[in-house]
Amino acid sequence: MSIEVQSVTKSYETQLALNEISFSASKGEIIGFLGPNGAGKSTMMKIITGFISPTKGTVLVSGINVLKSPEEAKAKIGYLPEQNPLYQEMYVKEYLQFQASIFKVSKETIGTVIETVGLSPEVHKKISQLSKGYQQRVGIAAAIIHNPDVLILDEPTTGLDPNQLVEIRNVIKNLGSEKTVLLSTHIMQEVEAMCNRVILINKGKIVADDSLEGLKNTSPTDSLETIFRNLTSHVGSI
Ligand code: ADP
């Protein structure tokens, strides 16, 4: 298994953000990680990447315990946070070389990654001069530069125009064939276009974990939006 999340609970002082979450994922899975705002998606992603610690529970990435061996685990994980944190004043190539140096990645690999994400035409520009779509590609390039087994993408397609959307979807789909991708989004079309599995969380608990087809078949006459609403509209506290 590439990702194993075992009974993870996270409390922020008085706020219970995740309540006994468990799931596992393997290579070739592109998982849409869905839920309303505040459901706990970013918290779960930050715990898998070792960015924050759970209150209880265990996360293994490629068999490595993220809490016990954070550096070893991070070498297996690529992470694109929601606010893609790029150095605006750096040139694209300079930034990727900087990221590559952290993981001691070769120059040839940087070239391959630039090709993979379709950055070649923009590679000599400053990051601040790039469109949002190309900035996302830089973020994805930085996330995959060390060839991680697992990619965690927090709302990777937000703010892209329709052409950029199609291109980034293709980049993610291609990456998903040889990695495990966990991506959060609010856009059901994104899920239909990219994901082969859906994990839906609501108020810190998993309310659905199924293949895309399986989830659709739970209510064949409804759209994915309606299925999402029906599973997450329950009012109450966790
Ligand atoms: P999502 O990504 O699904 O929108 P989050 O993981 O950001 O959800 O948040 C889950 C819950 O945890 C929310 O109630 C949010 O307000 C709370 N939360 C997130 N980060 C913090 C924090 N640093 N301190 C206190 N509460 C937080």
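Scroll up to find the structure.
Below: a short report on this structure.

1. Observations regarding the pairing of strand β8 (residues 180–184)
Extensive coverage of β8 is indicated by the burial of five of its five residues. Residues T180, L182 and S184 of β8 are buried on one face, and the alternating residues V181 and L183, pointing to the opposite face, are buried as well. Alignment of strand β3 (residues 30–34) against β8, held across four bridges, turns out to be parallel. Counted as the bridge partner of I31 is L182 from β8. Pairing of strand β7 (residues 150–154) with β8 involves five bridges; the strand directions are parallel. When the bridges of β8 are listed, L153 appears paired with L183.

2. Focus on helix α9 (residues 224–232)
Along α9, the residues that are buried comprise L224, I227, F228 and T232. One side of α9 holds all its buried residues, which, seen down the axis, span an arc of 115°. Structurally, α9 contributes buried residues whose contacts are with β3, α7 (188–194), β9 (197–202) and α8 (212–217).

3. Here's the deal with the site of the ligand
Taken together, the residues surrounding the ligand are Y12, Q15, A17, P36, N37, G38, A39, G40, K41, S42 and T43. Between the ligand and the protein, one listed contact pairs an oxygen atom with a backbone N or O atom of G38 at 2.7 Å. A distance of 2.8 Å separates an oxygen atom of the ligand from a polar atom in the backbone of S42. Among the secondary structure elements, those contributing two or more residues to the shell around the ligand are β2 (15–25) and α1 (41–48). Among the elements that make up the shell around the ligand, the one with the highest residue count is α1 (three residues). Broken down by class, the residue content of the shell around the ligand amounts to four nonpolar, six polar and one charged.

4. A closer look at unusual backbone geometry
Although it is not a glycine, E20 sits at a positive phi angle of roughly 60°. Although it is not a glycine, E155 sits at a positive phi angle of roughly 50°. On the secondary structure map, E155 appears in the loop between β7 and α6 (162–176). The exposure class of E155 is buried, given its relative accessible area of 14%.

5. What about the pairing of strand β1 (residues 3–12)?
For a regular strand, the rule is simple: side chains alternate between the two faces of the sheet. Note that β1 and β2 share seven bridges and pair antiparallel. Its bridge partner being in β2, V5 is matched across the sheet by F23. Linking β1 to β2, which pair antiparallel, is a turn of two residues; within it E13 sits at a positive phi near 45°.

6. Some remarks on the sheet that holds strand β10 (residues 205–211)
Read across the open sheet, the six strands follow the order β6-β7-β8-β3-β9-β10; overall the sheet is mixed. Each of the sheet's edge strands pairs with one partner strand only, and the pair in question is β6 (77–80) and β10. The mean angle between the axes of side-by-side strands here comes to 15°, regardless of whether they run parallel or antiparallel. Across the sheet, α9 touches β3, β9 and β10, and the angle it forms with β9 is around 35°.

7. Some points on the layout of surface pockets
There is about 550 Å³ of room inside the largest pocket. Taken together, 23 residues form the lining of the largest pocket, with I77, Y79, Q99, F103 and A142 sitting closest to its centre. Of all the secondary structure elements, the ones that give two or more residues to the lining of the largest pocket are α2 (70–74), β6, α3 (92–102) and α5 (132–144). For the lining of the largest pocket, the leading source of residues is β6, giving four residues. Tallied by class, residues from the lining of the largest pocket come to 14 nonpolar, seven polar and two charged. A volume near 180 Å³ is recorded for the second largest pocket. If you go around the second largest pocket, you meet 15 residues; those closest to its centre are G38, A39, G40, K41 and S42.

8. Concerning the side chain of N19
Within the secondary structure, N19 is located in strand β2. Excluding residues that lie within four positions of it along the chain, N19 makes contacts with V8, T9, G204 and K205.

9. Some points on the packing of aromatic side chains
In this structure the tally under the stated criterion is four aromatic pairs. Aromatic side chains Y87 and Y95 sit 6.0 Å apart centroid to centroid with 65° between the ring planes, which places their arrangement in the edge-to-face category. Residue class for Y87 comes out partly exposed when judged on its relative accessible area of 48%. Here the aromatic cluster, defined as three or more aromatic residues joined through ring pairs, consists of Y87, Y95 and F98. The ring of Y134 has R137 sitting right over it, with the charged end atom 4.7 Å from the ring centre.

So, how was this worked out
Residues numbered from 1 in each chain as written. Predicted model: local features only at pLDDT ≥ 70, side-chain atom pairs only at ≥ 80, totals over all residues. Heavy atoms only, no water. Buried < 20%, exposed > 50% of the residue type's maximum accessible area, 1.4 Å probe, protein only. Helix = DSSP H or I, 4+ residues; strand = E, 2+ residues; numbered from the N terminus. Pairing = 2+ DSSP bridges. Arc of directions from axis to C-beta. Contact = heavy atoms within 4.5 Å. Near = heavy atom within 4 Å. Polar contact = N/O pair within 3.5 Å; in protein donor to acceptor, adjacent residues only side chain to side chain. Nonpolar A, V, L, I, M, F, W, Y, C, P; charged D, E, K, R; others polar. Axes fitted to C-alpha atoms, helices over the stretch in contact; angles between N-to-C directions. 1 Å grid on protein atoms, 1.4 Å probe; cavity = no way out; pocket = protein on both sides within 12 Å on 5 of 7 lines; lining within 4 Å. Points joined across faces, edges and corners; volume = space filled by probe spheres on them. Phe/Tyr/Trp six-rings, centres within 6.5 Å; stacked < 30°, edge-to-face > 60°. Lys NZ or Arg CZ within 6 Å of the ring centre and 35° of its normal.

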